[in-house]
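Letter by letter, the chains look like this.
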Amino acid sequence: MPSAKAYAAHAATSPLGPFSFQRRDPQPGDVHIEILYCGVCHSDLHTARNEWGGTVYPCVPGHEIVGRVVRVGSGVKKFKPGDLAAVGCLVDSCRTCASCRDGLEQYCESGFVLTYNGPDKHSGGVTYGGYSDSIVVDEAFVLRVPTNLDLAAAAPLLCAGITTYSPLRHWGVGKGQKVGVIGLGGLGHMAVKFANAFGAHVVMITTSPGKAADARRLGAHEVIISKDPEQMKRHHNSFDFILDSVSAQHDVGAYLELLKRDATMVVVGVPEKPLPLAMFPLVLGRRRVAGSLIGGLPETQEMLDFCGERGIACDIELIPIGRINEAYERMLKSDVKYRFVIDMASLK
Ligand code: NAP
Ligand code: ZN
Ligand code: ZN
């Protein structure tokens, strides 16, 4: 069995550190990938610190994986050694339920298998993710990377990219619409780029005045500093759509008041604790709150191809894996510009 070097959280309260384990031998349908880059998602931090409950230790996070195929099983058709390949948040699902049949594996009704901390039917334990030098994944869950994109900057497309692309597409965001993005982090910066590419009038809604210039450079047409009630008030009842990517506690009602009548705010951020929801901003204006989870395999490939055609990638800060704990601390301070990506060569 191929041995893998990795970084793992060994407990909710201890920093991540080196860890070694075995990947499975590639089965007939499997692709064995040498990981070159892995993005750092806020979900990695929530999971490493057991903020959502259910974390099994040691936990190897990482679900924004780009690498090179080193070996394939006898039945693999789409990939050969030497190809670039990517893996996102899912490595398996039931493949038979209505959602799986619709290519919406993220809503699998019998339970999908997450890339890390998911039930690994091969090992009987949990899956280990991309903070490692290799991974073995069924080819049905392996994606193609556009060859024209910088590989490190493409890695976060596998979660930050698809998690924002999918709801913007599903709710038909485009020309003639005023679209808000709350939170300029990993997800938020990709939401700004996509909403701009789809032709919307994009407004960045941020708690960080220091990010305003970057927001404009990334594609926002306007910026609202959400801590300033006057600025918020000026935009009341004016948005067609808002995407909420906030990772921590916040007052959802204050943002709902920005929506027009019948408009929708889609939540992708998943803070540790439930958020109180004041009902007046909802009932006034018949406004809606909805949620959205990553994206299925077909839409993830569509998003990657779109990014290749349009030259869209993430704005990243490349780090050696030894700086992962520092990256987590900066993420908690909203000090991310705008996604950390681990250079896996630093693991050798
Ligand atoms: P991130 O890079 O840390 O960005 C989060 C941003 O939220 C911060 O940069 C900050 O932006 C804003 N923020 C932080 N605390 C805030 C507060 N108290 N009030 C208002 N805004 C605040 O995180 P991420 O990787 O983009 O992930 C964001 C969330 O989405 C996480 O909870 C993550 O687990 C979740 N997620 C969900 C899915 C899904 O499928 N639904 C997929 C991936 C991640 P400003 O400085 O601009 O205010
Ligand atoms: Zn993620
Ligand atoms: Zn299913």
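The shown structure was predicted, so the numbers you read here are calculated from the model rather than taken from an experiment.

Help me understand the coordination of the zinc ion (ligand 2) in this model?
For a metal with four donors in a tetrahedral arrangement, the ideal angle between donors is 109.5 degrees, while six donors in an octahedron ideally sit at 90 or 180 degrees. Summarising the metal site, the zinc ion (ligand 2) is bound by the protein donors Cys-41 (SG), His-63 (NE2) and Cys-159 (SG), whose distances to it range over 2.0 to 2.2 Å. Coordination of the zinc ion (ligand 2) draws on donor residues from a single chain, spaced C-x21-H-x95-C in sequence. Of this pair, Cys-41 sits in the loop between β3 (30-39) and α1 (42-48) while His-63 sits in the loop between α1 and β4 (65-72), placing them 22 residues apart in sequence. Just as Cys-41 is buried, His-63 falls in that class too.

What exactly am I supposed to notice about the sheet that holds strand β10 (residues 201-206) here?
Spatially, six strands are ordered β11-β10-β9-β12-β13-β14 in an open sheet, and the strand pairing comes out parallel. Each having just a single partner strand, β11 (222-225) and β14 (288-291) make up the two edges of the open sheet. When the angles between neighbouring strand axes are averaged without regard to direction, this sheet yields 20°. Taken together, the four bridges between β10 and β11 define a ladder with parallel strand orientation.

Would you take a moment to explain the site of ligand 1 for this structure?
Taken together, 32 residues lie around ligand 1, and Thr-206, Thr-207, Ser-208, Lys-211 and Arg-339 are the ones closest in. Contacts to ligand 1 include His-42, whose side-chain N or O atom sits 2.7 Å from an oxygen atom. At 2.6 Å, a side-chain N or O of Arg-339 approaches an oxygen atom of ligand 1. About the coverage of ligand 1: the protein hides 92% of its 930 Å² of free accessible area. Of all the elements in the fold, those that place two or more residues in the shell around ligand 1 are α1 and α5 (186-197). Examining the composition of the shell around ligand 1, we find that three residues originate from one element, α1, more than from any other. Each residue belonging to the shell around ligand 1 can be placed in one class, and the counts come to 13 nonpolar, 17 polar and two charged. Each of domain 1 (3-159 + 295-347) and domain 2 (161-291) gives at least three residues to the shell around ligand 1.

What counts and what doesn't
- Residues numbered from 1 in each chain as written.
- Chains lettered and ligands numbered in written order.
- Predicted model: local features only at pLDDT ≥ 70, side-chain atom pairs only at ≥ 80, totals over all residues.
- Heavy atoms only, no water.
- Donors = N, O, S within 2.8 Å, 3.2 Å for Na, K, Ca; no water.
- Helix = DSSP H or I, 4+ residues; strand = E, 2+ residues; numbered from the N terminus.
- Buried < 20%, exposed > 50% of the residue type's maximum accessible area, 1.4 Å probe, protein only.
- Pairing = 2+ DSSP bridges.
- Axes fitted to C-alpha atoms, helices over the stretch in contact; angles between N-to-C directions.
- Near = heavy atom within 4 Å.
- Polar contact = N/O pair within 3.5 Å; in protein donor to acceptor, adjacent residues only side chain to side chain.
- Areas by Shrake-Rupley, 256 points an atom, 1.4 Å probe, with all protein chains shown as cover.
- Nonpolar A, V, L, I, M, F, W, Y, C, P; charged D, E, K, R; others polar.
- Domains from an automatic or database assignment.

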